[in-house]
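Analysis of the macromolecular model
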Amino acid sequence: MNDERTLVITGGAGFIGSHVVRLFVNKYPQYRIINLDKLTYAGNLENLKDIEDKPNYRFVRMDICDFEGVLKLMQEEQVDGIIHLAAESHVDRSIKDPFTFAQTNVMGTLSLLQAAKVYWESLPEKFDGKRFYHISTDEVYGALEMTHPEGIEPPFTTKASSGEHHLAYGEKFFTEDLKYQPHSPYSAAKASSDHFVRAFHDTYGLPTIVTNCSNNYGPYQFPEKLIPLFINNIRHRKPLPVYGKGENVRDWLYVEDHARAIDVIFHKGQVAETYNIGGFNEWKNIDIIKVLINTVDRILGRPEGADMDLITYVTDRAGHDLRYAIDSSKLQKELGWEPSLQFEEGIEKTVRWYLDNQTWLDNVTSGDYQKYYEQMYAGR
Ligand code: NAD
Ligand code: DAU
C-alpha cells in the first residue's frame, strides 16, 4: 500500500489531525493528502503553516455533513482512502450542546461513509485497495473502577511508560471486546458513529477500521482541554479549576505517538478490526496538575511549587468518568507499535511548546486565528 494514493484526512486542522496531516505529507510525498475541515472554533490552519505549500497537500474547507460536497470531492480527486478525525471533541461542550455533537459526530460520519460507499461502488475495482479509517476514543467504553487508589504495577510495560510513574489504578483495562457504555453526549455520539462504521462494513462490505485512543497531549491542543488550559493559567497565575477532588484518572499519550499509530494501522491494520491505542500511562488529574505547576515554575525561574495555591477545587463535571485505562497490547503485539516518549519527556516538551507559543494561544483564545484562513486561503 505504499504506491501513489489520494487520501482525505478529515479534521486535519484540529489538534490530532494536524499532526496526522503533517506526518503523512512529509513521510509520503507520493501521496496526495487532502485536509477536509470545516474550521470550527477548534480548527486552525496555523497548525499546518510548515507544510501548507507542499505540492502533495491540499486544504478544502467543507462540512463533513455535506454529503453532496464530499461525494463530488471524492469523485474529482479519485480518493481511495479516508482517515476520519473531524468531530466535536470536548466533553464539557457536549454537556451544554448535545445536538451539535450528534450532528457532526453521528450524521457527519454517516455522510462520509455513504459518500465513500457510493463513490467506491461506482468504480470497476469497487472496494479493492480502499480504506475507511475511523478515529474514535476510549470514552465509548465508559468508566473503569479505581480498585487500587495508591496504584499497582500494571500487567504490561512499554518503552514509553516504564518510568517511575508507571502505575495502574485497577486491574481492569479497556480491551477491544468490551461492551460500549458511553456516559457523556460526546462519548455517546462517538459510540454511535463507531456503530455506523462497523454497520457499513457488515452490511455493505466497506473496508473499515476503527481505533479507540486514550487522552492525547502535546502541541496545538485547543486550550479548553486540561493540559494546555492549565499551562496557560499557571503562566498567567490564574486559578486552576480542578473538577471534584481531582482524583479522576486519565491515560495519557503524546500526540505524535498517536499519529504514528494511525500511520501503522492505516497501512498494516486488518479490515474490520478494532485497535485500542494507549501507552499504559495512568495519572490522577491532581498529580498531573502538580507536575504541570512544578514544570512551569521551574522553566520560568519561579520558586518550585510557588503556584500550588492556584489549585481551586470546583463543582465536578456532570457524569464525570472516574478512570480510563487502555490495554493496547493487541496493537503492540500484532502491529509492533509502541509509544516513543517517556511521559516526563513528553510533558517537558509540551510545557515548553506552550510557553514558547503564547501568540498561538492568544490567537486561538481570541478567535484571531480565523483571520489566518481569510488571509491565506479564502478565494484559493
Ligand atoms: P479537535 O477538536 O482539536 O479538532 C477537531 C477538528 O474537526 C477541527 O479542526 C474542526 O474544525 C473539525 N471539525 C469539526 N466539525 C467538523 C465538521 N462538521 N466538518 C468538518 N470538520 C469539522 O479534536 P481532536 O482532539 O484533535 O480529536 C480528533 C479526533 O480524535 C476526534 O474524532 C476525537 O473524538 C478523537 N480523539 C481525541 C482524543 C484526544 O485526547 N483529543 C483522544 C482519542 C480520540
Ligand atoms: O479519553 C479520550 C478523550 O480525552 C477524547 O476522546 C476527548 O476528545 C478529549 O477531550 C479527552 O477527554 P477528557 O474529558 O478526558 O479531557 P479533558 O482535557 O477535558 O479533561 C481531562 C480531565 O481533567 C478530566 O478528568 C476532567 C478534568 N478537568 C478538565 C478541565 C478542562 C478538570 O479537572 N478541570 C478542567 O478545567
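The following paragraphs examine the structure supplied in this document. (Residues numbered from 1 in each chain as written. Chains lettered and ligands numbered in written order. Predicted model: local features only at pLDDT ≥ 70, side-chain atom pairs only at ≥ 80, totals over all residues. Heavy atoms only, no water.)

**Regarding the packing of helix H10 (residues 343–356) against helix H11 (residues 358–366)**
Helix-helix packing: each pair is described by the crossing angle between the helix axes and the interaxial distance. Put simply, the test is: For helices, the axis comes from a line fit to the C-alpha atoms of the stretch in contact; other axes are also lines fit to C-alpha atoms, and the angle between any two N-to-C directions lies between 0 and 180 degrees. The numbering of helices and of strands both runs from the N terminus, where a helix is a DSSP run of H or I of at least 4 residues and a strand a run of E of at least 2. Every angle not falling under 35 degrees, over 145, or within 65 to 115 is termed oblique; those three ranges are roughly parallel, roughly antiparallel and roughly perpendicular. Here, residues are in contact when the closest pair of their heavy atoms is within 4.5 Å. Residue polarity is assigned by list, with Asp, Glu, Lys and Arg as charged and Ala, Val, Leu, Ile, Met, Phe, Trp, Tyr, Cys and Pro as nonpolar; anything else, Gly included, falls into the polar class.
Between H10 and H11, whose axes approach to 5 Å, the crossing angle comes to 70°. Taken together, H10 and H11 sit at an angle that is classed as roughly perpendicular. Counting all contacts with H10, which are made through Trp353, Tyr354, Leu355 and Asp356, the residues of H11 involved are Gln358, Trp360 and Leu361. By residue class, the composition of the contact of H10 with H11 is 5 nonpolar, 1 polar and 1 charged.

**Describing the packing of helix H6 (residues 226–235) against H10**
Basically, it comes down to this: Crossing chirality is assigned from the near helix's rotation relative to the far helix, an anticlockwise turn below a right angle marking it left-handed and a clockwise turn marking it right-handed.
For the pair H6 and H10, the least separation of the axes is 10 Å and the interaxial angle reads 60°. Overall, the two elements H6 and H10 adopt an arrangement that is oblique. Seen along the crossing, H6 lies across H10 with a hand that is right-handed. Within the contact between the two elements, H6 uses Ile227, Pro228, Ile231 and Arg235 and H10 uses Ile347, Thr350, Val351, Tyr354 and Leu355. Partitioning the contact of H6 with H10 into residue classes produces 7 nonpolar, 1 polar and 1 charged.

**Here we look at helix H1 (residues 15–27)**
Structural remark: α-helix, 3.6 residues per turn; residues separated by three or four positions point the same way. Test applied: A helix's residues, less one, multiplied by 1.5 Å, set its expected span. A simple rule labels every residue: compare its accessible area, found with a 1.4 Å probe on the protein chains alone, to the largest value its type can have, and call it buried under 20%, exposed over 50%, or partly exposed in between.
Its 13 residues give H1 an end-to-end C-alpha distance of 19 Å, which sits within 8% of 18 Å, the value for a rise of 1.5 Å per residue. All of the buried residues in H1 are Phe15, Gly17, Ser18, His19, Val20, Val21, Arg22, Phe24 and Val25. Where H1 is buried, its residues contact strand S1 (5–10), strand S2 (31–37), strand S3 (57–61), strand S4 (81–84), strand S7 (215–217) and helix H7 (255–268).

**Regarding the sheet that holds strand S6 (residues 208–213)**
Each strand in a sheet pairs with its neighbour through backbone hydrogen bonds, running either in the same direction (parallel) or in the opposite one (antiparallel). For clarity, the cut-off: Being paired, for any two strands, means DSSP has found at least two bridges between them.
On the basis of which strands lie adjacent, the open sheet formed by 7 strands has the order S3-S2-S1-S4-S5-S6-S10 and parallel pairing. The open sheet has two edge strands with one neighbour each: S3 and strand S10 (274–277). The mean angle between the axes of side-by-side strands here comes to 20°, regardless of whether they run parallel or antiparallel. Judged from the 5 bridges that link them, S2 and S3 form a sheet pairing that is parallel. Each bridged residue has a counterpart across the sheet, and for Leu36 the counterpart in S3 is Val60. Running over the sheet, helix H4 (residues 98–121) touches S1, S4 and strand S5 (131–137) and is turned about 170° from S5.

**Description of unusual backbone geometry**
The phi torsion at Gln78 lies on the positive side, around 50°, for a residue other than glycine. By secondary structure assignment, the location of Gln78 is in the loop between helix H2 (67–77) and S4. Take Gln78: its relative accessible area is 57%, and that puts it in the exposed class. Positive phi, normally seen in glycine, also occurs at Ala272, with a value near 75°. Position of Ala272 among the secondary structure elements: in the loop between H7 and S10.

**Here's the deal with the site of ligand 1**
Selection rule: Here, proximity means that at least one heavy atom of the residue falls within 4 Å of the molecule or strand. N or O atoms within 3.5 Å of each other form a polar contact, as long as, within protein, one can give a hydrogen and the other can take it, and as long as residues adjacent in sequence are counted only when both atoms are side-chain atoms. Working definition of accessibility: Shrake-Rupley area with a 1.4 Å probe, residue cover restricted to the visible protein chains.
Residues in close proximity to ligand 1 total 28 residues, the closest being Ile16, Asp37, Ser89, Tyr186 and Lys190. For ligand 1, an oxygen atom lies 2.9 Å from a polar atom in the backbone of Gly14. The backbone of Ile64 places a nitrogen or oxygen atom 3.0 Å from a nitrogen atom of ligand 1. The fraction of the free accessible surface of ligand 1 (840 Å²) that becomes covered by protein chains is 97%. Contributions of two or more residues to the shell around ligand 1 are made by H1, S5, helix H5 (185–204) and S7.

**Considering the packing of aromatic side chains**
Quick reminder of the rule: Side-chain rings of Phe, Tyr and Trp (the six-membered ring for Trp) are treated as a pair once their centres are within 6.5 Å; stacked means planes under 30 degrees apart, edge-to-face means over 60, and tilted covers the remaining angles. For a ring to carry a charge above it, either NZ of a lysine or CZ of an arginine must fall within 6 Å of the ring centroid while also lying within 35 degrees of the normal to the ring plane.
All chains considered together, the criterion is met by 19 aromatic pairs. Ring pairing ties together the aromatic residues Tyr217, Trp252, Tyr254, Trp283 and Phe343, which thus form one cluster. Just above the ring of Tyr41 sits the side chain of Arg93; from NZ or CZ to the centre is 3.5 Å.

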